[in-house]
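Residues per chain are reported as follows:
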Amino acid sequence: QVQLVESGGGLVQAGGSLRLSCAASGRTLSSLTVGWFRQAPGKEREFVAAISWSGSSPYHADSVKGRFTISRDNAKNTVYLQMNSLKPEDTAVYYCAARAPPTILTGTDGYGYWGQGTQVTVSS
């Protein structure tokens, strides 16, 4: 099993930046893909970005490409989401998720492990 804990959310003005962290523990992580999703009130949970614990390049949703960057620090068992040029539409609860196969998927059903979420609020 995998345990995921998000942190780094908060309140920021439009145009500002935040860095979210996802600390992973439990089973071996070398074969995992870790993704970030977000969910605003009244909206579906949507894919943001994903990265394999080892190997190939990360993938970002079109809505955040060029503004958000997913990265990892294997020594700290942590995946990060650097969010720049934040917009009010980015306001949501951000969730870290993981799946065992090292294949990047964008659907929520493909991820079996989820963190508790961290709130990001961007003021206009």
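In case you missed it, the structure is sitting above this.
Residues numbered from 1 in each chain as written. Predicted model: local features only at pLDDT ≥ 70, side-chain atom pairs only at ≥ 80, totals over all residues. Heavy atoms only, no water.

### Focus on the packing of aromatic side chains
A complete count under the given rule lists five aromatic pairs for this structure. Ring geometry for phenylalanine 37 against phenylalanine 47: centres 5.6 Å apart, planes inclined by 75°, an arrangement best described as edge-to-face. Here phenylalanine 37, found in strand β4 (residues 33-39), pairs with phenylalanine 47, found in strand β5 (residues 46-52); they are ten residues apart in sequence, far enough to count as distant. According to the relative accessible area criterion, phenylalanine 37 is buried, its value standing at 0%. By relative accessible area, phenylalanine 47 is classed as buried at 9%. Ring geometry for phenylalanine 37 against tyrosine 111: centres 5.1 Å apart, planes inclined by 75°, an arrangement best described as edge-to-face. Highlighted residues: phenylalanine 37 in strand β4 and tyrosine 111 in the loop between β9 (92-99) and β10 (113-114), separated in sequence by 74 residues. For tyrosine 111, a relative accessible area of 4% corresponds to the buried category. Members of the aromatic cluster, connected to one another through ring pairs, are Phe37, Phe47, Tyr59, Tyr95, Tyr111 and Trp114. Here the guanidinium or amino end of arginine 45 rests over the ring plane of tyrosine 95, the centre of that ring lying 3.8 Å away. (Phe/Tyr/Trp six-rings, centres within 6.5 Å; stacked < 30°, edge-to-face > 60°. Helix = DSSP H or I, 4+ residues; strand = E, 2+ residues; numbered from the N terminus. Buried < 20%, exposed > 50% of the residue type's maximum accessible area, 1.4 Å probe, protein only. Lys NZ or Arg CZ within 6 Å of the ring centre and 35° of its normal.)

So far we have only geometry, and geometry alone does not tell us how the molecule works.
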